[in-house]
Amino acid sequence: MLLLDANTPASIIEQHYLIGSCNNILMGDNPPPLMMLSKAYDYITIKDNTIHIGAATPSGKIASFCKKHNIANFEFLSHLPGKLGGLVAMNAGMKEFEIFNHLQSVTTRSGVQPRSAIEYGYRYTNITEPIFEASFLLEYGYDSKRVDYFAKLRSNQPNDASAGSCFKNPQGEYAGRLIEAVGLKGVRRGALAFSPQHANFLVNYGGGSFQDAIALIEEAQKRVYEEFAILLECEVVILEQGYRPYKP
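On a predicted model such as this, the values are computed, not experimentally measured, just so you know.

**Q** What is the right way to look at the layout of surface pockets in this model?
**A** Any empty space left between atoms is shown by rolling a water-sized probe over those atoms. Its volume calculated, the second largest pocket comes out at about 240 Å³. What lines the second largest pocket is a set of 16 residues, among which Ile25, Leu26, Ala163, Leu192 and Leu202 lie closest to the centre. Class assignment for the residues of the lining of the second largest pocket results in 11 nonpolar, 5 polar and no charged.

**Q** Before we go on, may I ask you to explain empty space enclosed by the protein in this structure?
**A** Counted under the stated rule, the structure contains 1 cavity of 30 Å³ or more. The computed volume of the largest cavity comes to approximately 40 Å³. Considering the residues around the largest cavity, the lining is formed by Asn73, Phe74, Phe76, Glu98, Ile99, Asn101, His102 and Phe136. Taken together, the residues of the lining of the largest cavity sort by class into 4 nonpolar, 3 polar and 1 charged.

**Q** Would you explain the sheet that holds strand β15 (residues 188-189) in this entry?
**A** Pairing between sheet strands relies on hydrogen bonds along the backbone, with the strands arranged either parallel or antiparallel. With antiparallel pairing, 4 strands are arranged side by side in an open sheet as β14-β17-β16-β15. Since the sheet does not close on itself, it has two edges, and those belong to β14 (161-165) and β15, each with one partner. Summarising the sheet, β14 and strand β17 (residues 201-204) pair through 3 bridges and their orientation is antiparallel. Within the sheet, the bridge partner assigned to Ser162 lies in β17 and is Val203. In the packing of helix α6 (residues 210-228) onto the sheet, contacts are made with β15, β16 (192-194) and β17, and the angle to β16 comes to roughly 20 degrees.

**Q** What should I look at first to understand the pattern of salt bridges in this one?
**A** This structure, assessed with the given rule, holds 9 salt bridges. A salt bridge links Arg123 to Glu98; the shortest N-O distance between them is 3.5 Å. Placement of the pair is Arg123 in the loop between β11 (120-121) and β12 (124-125) and Glu98 in strand β8 (residues 97-98), with a sequence separation of 25 residues. Take Arg123 and Glu98: they sit in the same class, and that class is buried. Across the pair Arg223 and Glu219 runs a salt bridge whose closest N-O atoms are separated by 2.7 Å. Taken as a pair, Arg223 and Glu219 lie in helix α6 at a separation of 4 residues, close to a single helical turn.

**Q** Explain the nonpolar core here, please?
**A** Looking at soluble globular proteins, one finds that nonpolar side chains tend to be buried together. Counting residues in each nonpolar core, the largest one holds 37 residues, and the members touching the most others are Phe74, Leu77, Val88 and Phe136. At the level of elements, β4 (34-37), β6 (50-54), α2 (59-68), α3 (84-89), β9 (103-108) and β13 (131-137) are the ones that each hand at least two residues to this core. If we skip the residues at most four places from it in the chain, Phe74 touches Ile51, Ile53, Ile62, Cys66 and Phe136.

Parameters at a glance
- Residues numbered from 1 in each chain as written.
- Predicted model: local features only at pLDDT ≥ 70, side-chain atom pairs only at ≥ 80, totals over all residues.
- Heavy atoms only, no water.
- 1 Å grid on protein atoms, 1.4 Å probe; cavity = no way out; pocket = protein on both sides within 12 Å on 5 of 7 lines; lining within 4 Å.
- Points joined across faces, edges and corners; volume = space filled by probe spheres on them.
- Nonpolar A, V, L, I, M, F, W, Y, C, P; charged D, E, K, R; others polar.
- Pairing = 2+ DSSP bridges.
- Helix = DSSP H or I, 4+ residues; strand = E, 2+ residues; numbered from the N terminus.
- Contact = heavy atoms within 4.5 Å.
- Axes fitted to C-alpha atoms, helices over the stretch in contact; angles between N-to-C directions.
- Salt bridge = Lys/Arg side-chain N within 4 Å of Asp/Glu carboxyl O.
- Buried < 20%, exposed > 50% of the residue type's maximum accessible area, 1.4 Å probe, protein only.
- Core = buried A, V, L, I, M, F, W, Y, C linked by side-chain atoms within 4.5 Å.

Shown next as structure tokens:
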């Protein structure tokens, strides 16, 4: 595993895929070469009404820091696993609470990029370089009621091992509803299944294979497209050299 820092040559970075906590990754038998940020990027500092957070900082650490110091706007991270770099790269969030809501800038190899220079939307950004740091507007007023609200949002999600939401919600729709509508909620292949609790979670009951996961993912994409003319886009990241996403 390559440890990445600001001095790593671009030619080396281009040959590797950056991972963090791997909370939303489906790893194949032949993944690309992998790299991760060194622990030097696990930090939180406050300066000039701005909170600076290293991209290797776990979400739980951020949530705890903000609770301790009465900092607002990060409460949703208490129920959103991952490290900051990955959360920023995909504009992670819960409902209308997204990481970009209060973001000011992102630091990559190219330097500091203000939010206005970045394209972003629902579970999307156009950031293609490794992220080293992100800065946010500092506001005080930690809201414990928001934490309770986010906990309720998670209450209908399975506790079984999974990579989180399998598919992004199509515009105006819910991936879980579509999967259930085509008869795949609770359907199992090997040790993997679309959860009977929430159909958009591909859960692993123990010893599930990459091949079974892909078979279920592609079956859902196929059925939903045939029934609703909607192509489900994976939110889970599939790391397997030679893998080609489903196309109808």
